[in-house]
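Topology and contacts: notes
Take a look at the letters that make up each chain.
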Amino acid sequence: MSSITTGDILTIVSILILLVTFVVTSWEKYSSDRRQRTFDFLLAVMEEQGPIHQANLEFAVWIKEDRVFEDDNIEANDNKIVIQLIDFYDLISDSAMRGIVDQEMIFIHLGGRMRSAYKVTKKYTEARRKRLDRPALHKPFETFVTERIKDREV
């Protein structure tokens, strides 16, 4: 029969400490990298004068005017803006829910915009799903707003 010595116990404890330290350090590095990717992404979108930036500006005007789309029968230019922004928010939502980008940063920096855009386009999206026979169209966006952002102060 073998007996465990004090040296064996010290070796096991040392290995466990090393393993825990490695896991904690790796997790912190992963989290830090994810936050940095999120920051770089958000900064690029918000600073760039591209289509998403322009769509955000147009939506801000629509929200100020209390505009709501009752269905998907809207002007071509408005349709283009709605699709650009909803597609973007759909991608962001899916990425946040999968942990690719930092969810808290998305809540803080885009949560209010996303919730407002969802309210403006809810009926539009429902009509679009029926017209295209795509019941899951923009589900990540809808789920993120209704289940994750909910009524948070953002």
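The structure we're discussing is the one just above.
All values reported here derive from a predicted model rather than from experimental measurement.

What about the overall build of the chain?
In terms of helices and strands, the chain carries five helices and zero strands. Scaling as 2.2 N^0.38, a compact globule of 154 residues should have a C-alpha radius of gyration of about 15 Å, whereas the chain reaches 23 Å, well beyond that. On the principal axes, the C-alpha backbone points of the chain span a range of 80 × 35 × 25 Å. Expressed as a percentage of its 154 residues, the buried residues of the chain come to 34%. Per element, the accessible surface of the chain, about 10100 Å² overall, is 58% carbon and sulfur. Side chains of the chain carry 22 positive and 25 negative charges; the gap between the two charge centres is 3 Å.

What to know about a nonpolar patch on the surface
Together, Ile 12, Leu 16, Leu 19, Phe 22 and Val 23 give the surface a local cluster of nonpolar side chains, amounting to about 510 Å² of exposed area. Its place among the elements puts Ile 12 in helix H1 (residues 6–47). Judged by relative accessible area, Ile 12 falls into the partly exposed class, the value being 48%.

Here we look at the packing of aromatic side chains
Enumeration over the complete set of coordinates arrives at eight aromatic pairs. Centroid distance Trp 27 to Tyr 30: 5.4 Å. Interplanar angle 35°. Geometry classified as tilted. With Trp 27 and Tyr 30 both in helix H1, this residue pair falls three residues apart, about one helical turn. Residue class for Tyr 30 comes out partly exposed when judged on its relative accessible area of 35%. Relative to Phe 69, the ring of Trp 62 has its centre 5.2 Å away and its plane inclined at 85°; by these criteria the two rings are edge-to-face. Here Trp 62 and Phe 69 have matching classes, each one buried. The residue whose ring lies beneath Arg 67 is Trp 62, and the NZ or CZ to ring-centre distance is 4.8 Å.

Topic: the nonpolar core
Core analysis: the largest hydrophobic core is formed by 27 residues, its most contacted members being Phe 59, Leu 85, Ile 106, Met 114 and Phe 141. Mapped by element, the contributors of at least two residues to this core are helix H2 (51–64), helix H3 (76–97), helix H4 (103–132) and helix H5 (139–149). Contact partners of Leu 85, with chain neighbours within four places excluded, come to Ile 52, Ala 55, Asn 56, Phe 59 and Ala 117.

Things to note about the pattern of salt bridges
Counted by the stated rule, this structure contains 12 salt bridges. Put simply, Arg 34 and Asp 102 hold a salt bridge, and the shortest N to O gap is 3.4 Å. Linking Arg 34 in helix H1 with Asp 102 in the loop between H3 and H4, this pair joins segments that are 68 residues apart in sequence. The residue Glu 70 makes a salt bridge to Lys 123 at a minimum N-O spacing of 3.0 Å.

Quick look at unusual backbone geometry
Phi is positive for His 138, close to 60°, though the residue is something other than glycine. Along the chain, His 138 falls in the loop between H4 and H5. Its identity as a non-glycine residue notwithstanding, Lys 150 has a phi of 45°, on the positive side. Among the secondary structure elements, Lys 150 is positioned in the segment after H5.

Re the side chain of Ser 93
Within the secondary structure layout, Ser 93 lies in helix H3. Among residues more than four places away in sequence, those in contact with Ser 93 are Met 114, Pro 140, Phe 141 and Phe 144.

Each value, and the rule that gives it
- Residues numbered from 1 in each chain as written.
- Predicted model: local features only at pLDDT ≥ 70, side-chain atom pairs only at ≥ 80, totals over all residues.
- Heavy atoms only, no water.
- Helix = DSSP H or I, 4+ residues; strand = E, 2+ residues; numbered from the N terminus.
- Rg over C-alpha atoms; globule rule 2.2 N^0.38 Å.
- Buried < 20%, exposed > 50% of the residue type's maximum accessible area, 1.4 Å probe, protein only.
- Areas by Shrake-Rupley, 256 points an atom, 1.4 Å probe, with all protein chains shown as cover.
- Lys, Arg positive; Asp, Glu negative; His and termini not counted.
- Charge placed at Lys NZ, Arg CZ, Asp CG, Glu CD.
- Patch = residues over 30% accessible without salt bridge, like charges linked within 9 Å, V, L, I, M, F, W, Y side chains within 5 Å.
- Salt bridge = Lys/Arg side-chain N within 4 Å of Asp/Glu carboxyl O.
- Phe/Tyr/Trp six-rings, centres within 6.5 Å; stacked < 30°, edge-to-face > 60°.
- Lys NZ or Arg CZ within 6 Å of the ring centre and 35° of its normal.
- Core = buried A, V, L, I, M, F, W, Y, C linked by side-chain atoms within 4.5 Å.
- Contact = heavy atoms within 4.5 Å.

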